[in-house]
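Residue-level listing of the chains:
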Amino acid sequence: MTDAPALSVTNLSKRFGGALALDHVALEVRRGEVHGLLGSNGSGKSTLIKILAGFHDPEPGGEVRLYGRKVPLPVPGARVREMGLAFVHQHLGLIPSLTVMENLALGDLATTHNWGISWRAEEARAAEVFARYDLALDPRREVFTLSPVEQALLAIVRAVEDLRTASKEPGVLVLDEPTPFLPRAGVEQLFRLVRAAKDEGASVIFVSHDVDEVREITDRATILRDGKLIDTVVTADTSHDAFVERIIGRAMTAYGGAGKARPNAEPLAEVVELTGPGLGPVSLEVAEGEILGLTGLIGAGYDAVPALLYGARNATGGRLRLAGQSIRLDTMEPPEALARGIVYLPADRMGAAGVGSLPVSDNIGLPVLERLRRAAGLFDRDIRQHAGSLGARAGVKPNAPELPLSALSGGNAQKALLAKWLQVEPRLMLLDEPTQGVDVGARQDIWDALDGAAEGGAAILIGSTDYEQLAQLCHRVLVFARGRIVEELTGERLDKDAIAEACFRSTTLTAAAE
Amino acid sequence: MTDTRDMTDNRIEVYEERIAALEEKLRAFEGRLAPPPSRRPGTEWAERFGLLAAWILLILILGSFRPDQMFSWNSYAAMFGSNAMIVVLTLGLIIPLTTGDFDLSVASTMALSSMMVAVLNVRMDWSIEGAIFMALAAGVAVGAINALFILWFRIHSLIVTLGTGYFINGVVLWISSSAVISGVSMDLVRVVIMTRFLGIPLAFWYAVLLTAALWYVFQHTALGRRLLFVGRGREVARLSGVNVNRARAGALIASSTIAALAGVLYTGMRGSSDPSSALAFLLPAFAAAFLGSTTLYPGRFNAPGAFVAVYFLSTGIMGLNFLGVPSFVQNLFYGGGLVIAVSISQLIRKRRPMD
């Protein structure tokens, strides 16, 4: 039994509705190995991790073994740590208002009944642990005062320590996308810690989008695509291009994209030197009637652009030139943006875009209440009638404006919220993941509505990681990496695979540029 | 060759016809689905007018024990007048509740304004008009201070208004030297309680007017709709161009000012002011605000609902008094009423989106 692999997964499947999100996947992680897990959105990567963490119940027939011992399925989330499996998710699971040592001891505090905690002993233990990993962390500091890197390091040390105390085995540590929001220097520190854990005999599963990081830190790597196991490779023998080919599923050759021809209009809006947290400086322009896509891997910064241009969040600098006027972006506020004909549809549908507990009619009517008023005042009847006619045009089903917004499906709610903004005939539309959680039919309706708005002369900016959507909808796509634009795709070069490739190649492009 | 092509063309035509027919059917189905299987009108009706029905039921039950008192118009005329300031106080309270802030200082503001009218008019010989103006100005100031701490320092409204309320209680004791002050100008008493219209003191009609005004603002103005969005989805309102901070500050100032108006009415009702009795109206006002949100416009804090709720609760208390029940029952009634009202409004809110 001593030579059994640290983790072995065989024949693991998971079905959501009709679709196989994970299709008979196998994974073997050796003792003392750093093993990469790669794949794009929808590859099944996160489904696999969620099964291991006990969030999902896999289909019957699969098997998970830790150090030769069979793990019961579904994985018992609380007990699996004793068998030698621990997780650090992107949300690190730290409590910001507590101190470093309290967070370090959180696992014990939460599960054991200890009436006599000696904080002096805890502090000594914390100091000893940090010394062992060569980390300069003050056990008494509150976690929210730590940098993002220090927080990530703390979460990882805590997981490694929990494994050491809970399990007889050296343990397998799953790092689920730990790096996208860290600066380069922080990634180095994190890698040093991963190597230290490995030297102690632990195994590490490193989940990432970033091919360069996987090549740097892992010994072997497994690539998933469309829920299927594509390959497990020895990292040292695999080139960057070979990784990208396996992730996007096709050799990197010329493409025959069917990109729309870019309208030959003057630029309507010009963004100059936009900067924000983790972004920029970025300059871009979008023409009248043009649909411009912004994309990249997570942490690339593209997703902040729509919110910053609208003033939904504060930029640190930059200007927007719109119709001959130059507007400062660091002091931009939504009312000013609206007055200039800019609208913004956030991705958080029920948190930021619409209010679920209020009727569809009120949600749609909100920006034009003044227009709907008659001499005697505002009447529900008028708002409903107005919302009903817009809903019919947008294909909202059921088109019953008196219903609360939350009664509609995701796609229909989104159609209604898009109608809310289209009615003000915006000059510049900013959208954030406009078809997330939207069914296929509604997706087409939303694309049609956006096409219509563009033909009517609006300029549209879409932040999305849905490559297929970008390829179908956009005239032009800008690929971001580490807060900068690294590539522009248009015309023939604009298809789903090309965007995916540009994203996964993007980190190398920035490295070359610097 | 031509034959076969004709045949395929024919076949395609046949299929296209069938597809068209199926699409027609689908559209018909969708049309039938369009007005969704909504809630039975009965439930809706019961929800809207349930409290009114309960009010009548309450009168009938209590009346069966004390018919001569419960079925006498004079009892109601007196009760409508003497509880008018609670209606006014509740109307003030529902404005910040709509925008998502709690104002626990309303009763203290009412006490402050009540006492300021008495002190300025009786002890300092101000004209009654001047005294009322200062009392209302004090209400505006309290609201502005609440707004400053809640919005500028970003402290939760419960904490801020709990503190300012307690602070104001101290101010009231200070300016009154902890004593009852009587002898307030009869002009005020006359226009509040002694003059009657349809047998009911004017105070009641002031409450009716304010209820109508607030109902209009909430129901028929863009401002009212925006206030509702600010309370239900602050981020949504902000991203839709609503100035959220201004709306919340305005709501807090309106609530304190209207509470000050309630204080003026309270002094006018008695011709005197004491430092503490107004403080007892905090809980009735909250109970009525939440109970009112379960009726007429269920799920929303609304003015006519608050109006009905105050008089529903007052009728219950009046009846219990007629029955000779000890006065602690008031506390049971208001306290229990608040918790039950909040539970009901919670049930309504949760059920709404599901149906």
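Not measured: the values here are computed from a predicted model. (Residues numbered from 1 in each chain as written. Chains lettered and ligands numbered in written order. Predicted model: local features only at pLDDT ≥ 70, side-chain atom pairs only at ≥ 80, totals over all residues.)

Student: It is not clear to me how the overall build of chain A should be interpreted in this structure. Could you clarify?
Tutor: Looking only at helices and strands, one finds 18 helices and 20 strands in chain A. In terms of overall dimensions, chain A has a C-alpha envelope of 80 × 60 × 45 Å along the principal axes. Counting only residues that meet the buried cut, chain A has 50% of its 514 residues in that class. Restricting to contacts in chain A with at least 6 residues of sequence separation, those with at least 24 account for 70%. (Helix = DSSP H or I, 4+ residues; strand = E, 2+ residues; numbered from the N terminus. Buried ≥ 20, exposed ≤ 12 C-beta atoms within 10 Å, placed from the backbone. Contact = placed C-beta atoms within 7 Å.)

Student: Which parts of the structure should I look at to understand the overall build of chain B?
Tutor: The helix and strand tally for chain B stands at 16 helices and 4 strands. Over its C-alpha trace chain B gives a radius of gyration of 27 Å, far above what one expects of a compact globule, namely 20 Å for 355 residues. Dimensions of chain B along its principal axes, counting C-alpha atoms only, are 115 × 55 × 35 Å. Across the 355 residues of chain B, 45% fall into the buried class. (Rg over C-alpha atoms; globule rule 2.2 N^0.38 Å.)

Student: Just checking my understanding: could you explain the packing of helix 5 (residues 84-98) of chain B against helix 15 (residues 303-322) of chain B for this structure?
Tutor: If you want to describe how two helices pack, look at the angle between their axes and the distance between the axes. All names here are of chain B. One can describe the packing of helix 5 onto helix 15 by two numbers: an axis separation of 9 Å at closest approach and a directional angle of 145 degrees. Note on packing geometry: the crossing formed by helix 5 with helix 15 is right-handed. Touching I86, V87, T90, L91 and I94 of helix 5 are A303, A306, F307 and V310, all from helix 15. (Axes fitted to C-alpha atoms, helices over the stretch in contact; angles between N-to-C directions. Left-handed = near helix turned anticlockwise from the far one by under 90°.)

Student: Is there a simple way to think about the environment of E13 of chain B in this case?
Tutor: Residue and element names in this part refer to chain B. If you trace the backbone, E13 turns up in helix 1 (residues 2-33). Judged by the 10 C-beta atoms lying within 10 Å of it, E13 falls in the exposed class. For the pair E13 and P298, spaced 285 residues apart in sequence, the C-alpha to C-alpha distance is 55 Å.

Student: How do you make sense of the interface of chain A and chain B when you look at a structure like this?
Tutor: A common measure of how large an interface is: the accessible area buried when the components associate. Chain A puts 31 residues into the contact, and the matching count from chain B is 24 residues. The set of elements that each furnish at least two residues to the side of chain A that touches chain B consists of helix 10 (334-339), helix 11 (349-353) and helix 13 (369-372) of chain A. Classifying every residue of the side of chain A that touches chain B by side-chain character gives 20 nonpolar, 7 polar and 4 charged. (Nonpolar A, V, L, I, M, F, W, Y, C, P; charged D, E, K, R; others polar.)

Student: Help me understand the domain arrangement of chain A in this model?
Tutor: Domain annotation of chain A identifies domain 1 (7-248), domain 2 (255-341 + 426-514) and domain 3 (357-425). When residues of the side of domain 1 of chain A that touches domain 2 of chain A are assigned to their parent elements, the largest contribution, 4 residues, is made by helix 8 (residues 240-248) of chain A. (Domains from an automatic or database assignment.)

Student: What exactly am I supposed to notice about the sheet that holds strand 20 (residues 484-490) of chain A here?
Tutor: Strand pairs in the sheet, formed through backbone hydrogen bonds, run parallel or antiparallel to each other. All names here are of chain A. Within the open sheet, the 6 strands sit side by side as 16-17-18-13-19-20. Their pairing is mixed. Two strands close off the open sheet at either side, each with one partner strand: strand 16 (342-345) and strand 20. Across this sheet, the average inter-strand angle for adjacent strands is 20 degrees, counted without regard to direction. Direction of pairing for strand 13 (residues 291-296) relative to strand 19 (residues 476-481): parallel, over a ladder of 5 bridges. (Pairing = 2+ DSSP bridges.)

Student: I would appreciate a short explanation of the nonpolar core in the present structure.
Tutor: Most often, soluble globular proteins have nonpolar side chains that are buried together. If you look at the biggest cluster of nonpolar residues, it comprises 260 residues, and the most contacted ones within it are L173 and I460 of chain A together with V88, L89, M110, L265 and A285 of chain B. When residues of this core are assigned to their parent elements, the largest contribution, 16 residues, is made by helix 13 (residues 244-270) of chain B. In this view, L89 of chain B contacts V106, M110, A259, A262, F281 and A285 of chain B; residues no more than four positions away in its chain are not counted. (Core = buried A, V, L, I, M, F, W, Y, C linked by C-beta atoms within 7 Å.)

Student: I would appreciate a short explanation of the sheet that holds strand 14 (residues 317-322) of chain A in the present structure.
Tutor: All names here are of chain A. Pairing is antiparallel in the open sheet, where 4 strands are placed in the order 12-11-14-15. The open sheet terminates on both sides in strands that have one partner only, identified here as strand 12 (279-287) and strand 15 (325-328). Here the strands of the sheet are splayed against their neighbours by 15 degrees on average, with no regard to which way each runs. Strand direction decides the pairing type here: strand 11 (residues 267-276) and strand 12, joined by 6 bridges, are antiparallel. When the sheet's bridge partners are listed, P267 is paired in strand 12 with A287.

Student: Please explain helix 15 (residues 410-422) of chain A as it appears in this structure.
Tutor: Because an α-helix completes one turn every 3.6 residues, residues spaced three or four positions apart along the sequence face the same direction. Residues and elements named next belong to chain A. Over its 13 residues, helix 15 runs 18 Å from end to end, which matches the ideal 18 Å to within 8%, given 1.5 Å per residue. In terms of burial, helix 15 is a largely internal element, 12 of the 13 residues being buried. Along helix 15, the residues that are buried comprise G411, N412, A413, Q414, K415, A416, L417, L418, A419, K420, W421 and L422. (Expected span 1.5 Å × (residues − 1).)

Student: Looking at this structure, I do not really get the confidence of the model for chain B. What am I missing?
Tutor: Reading predicted coordinates in detail is not appropriate for stretches of low pLDDT. Residue and element names in this part refer to chain B. Chain-level statistics for chain B give a pLDDT mean of 88 and a share of 91% at 70 or above. Taking the mean pLDDT of every element in chain B, the minimum, 68, falls on helix 1 and the maximum, 97, on helix 5. Residue range residues 34-38 is modelled with pLDDT below 50. Its contacts to residues more than four positions away, or to other chains, number 8 contacts. (pLDDT = per-residue confidence, 0-100.)

Student: What am I meant to see in the pairing of strand 4 (residues 63-66) of chain A here?
Tutor: Within a regular strand, the side chains alternate between the two sheet faces. All names here are of chain A. Burial along strand 4 is one-sided: V64 and L66 are buried, and none of E63 and R65, which face the opposite way, are. As judged from the 4 bridges shared by strand 1 (residues 7-16) and strand 4, these two strands associate in the antiparallel manner. In the strand pairing of strand 4, L7 is matched with L66. Where strand 4 and strand 5 (residues 69-70) come together, 2 bridges link them in antiparallel fashion. Considered in strand 5, the bridge of R65 is made with K70.

Student: How should I be thinking about the packing of helix 5 of chain B against helix 14 (residues 282-292) of chain B in this particular structure?
Tutor: Residues and elements named next belong to chain B. Taken N-terminus to C-terminus, the directions of helix 5 and helix 14 make an angle of 60 degrees; their axes are 9 Å apart at the nearest point. At the point where helix 5 passes helix 14, the crossing takes the right-handed sense. The segment helix 5 lies against helix 14, with I86, L89, T90, L93, I94 and L97 engaging P284, A285, F286, A288 and A289. A class-by-class count of the residues in the contact of helix 5 with helix 14 yields 10 nonpolar, 1 polar and no charged.

Student: Sorry, what's going on with the environment of D348 of chain A here?
Tutor: Structurally, D348 of chain A can be placed in the loop between strand 16 and helix 11. For the pair D348 of chain A and V396 of chain A, spaced 48 residues apart in the sequence, the C-alpha separation amounts to 19 Å.

Student: Can you walk me through the confidence of the model for chain A in this structure?
Tutor: Counting all residues, the mean pLDDT for chain A is 85, and 94% of those residues have values of 70 or more. Ignoring residues within four places in sequence, the model shows residues 252-258 of chain A, a span with pLDDT below 50, making 16 contacts including any to other chains.

Student: I'm lost on unusual backbone geometry in this one. Help?
Tutor: Peptide bonds are mostly trans, and most non-glycine residues show a negative phi. Residues and elements named next belong to chain A. Omega for the peptide link from L73 to P74 comes to -5 degrees, which places this bond in the cis form. When you line up the elements, P74 lands in the loop between strand 5 and strand 6 (85-88). Following K397, the chain continues to P398 via a peptide bond in cis, the omega torsion being -10 degrees. You can see P398 is positioned in the loop between helix 14 (380-394) and helix 15. Of note in the backbone geometry, D226 takes a positive phi value of approximately 50 degrees without being a glycine.

Student: Would you explain the pairing of strand 7 (residues 172-176) of chain A in this entry?
Tutor: Residue and element names in this part refer to chain A. Summarising burial for strand 7: 5 of the 5 residues are buried, a large majority. The two faces of strand 7 match: V172, V174 and D176 on one face and L173 and L175 on the other face are all buried. With 4 bridges joining them, strand 6 and strand 7 adopt parallel strand pairing. By the bridge assignment for strand 7, F87 is matched with V174. Summarising the sheet, strand 7 and strand 8 (residues 203-208) pair through 5 bridges and their orientation is parallel. Note that in strand 8 the partner of L173 across the bridge is V204. On the question of chirality, the crossover connecting strand 7 to the parallel strand 8 by way of helix 6 (residues 184-199) is right-handed. (Right-handed = clockwise from strand over helix to strand, strands pointing away.)

Student: Where do I start with the environment of A6 of chain A in this structure?
Tutor: All names here are of chain A. By secondary structure assignment, the location of A6 is in the segment before strand 1. According to the C-beta neighbour criterion, A6 is buried, with 26 such atoms within 10 Å. Separated by 234 residues in the primary sequence, A6 and H240 have C-alpha atoms spaced 27 Å apart. Apart from the residues within four sequence positions on either side, A6 is in contact with V29, R30, R31, Y67, V172 and S203.

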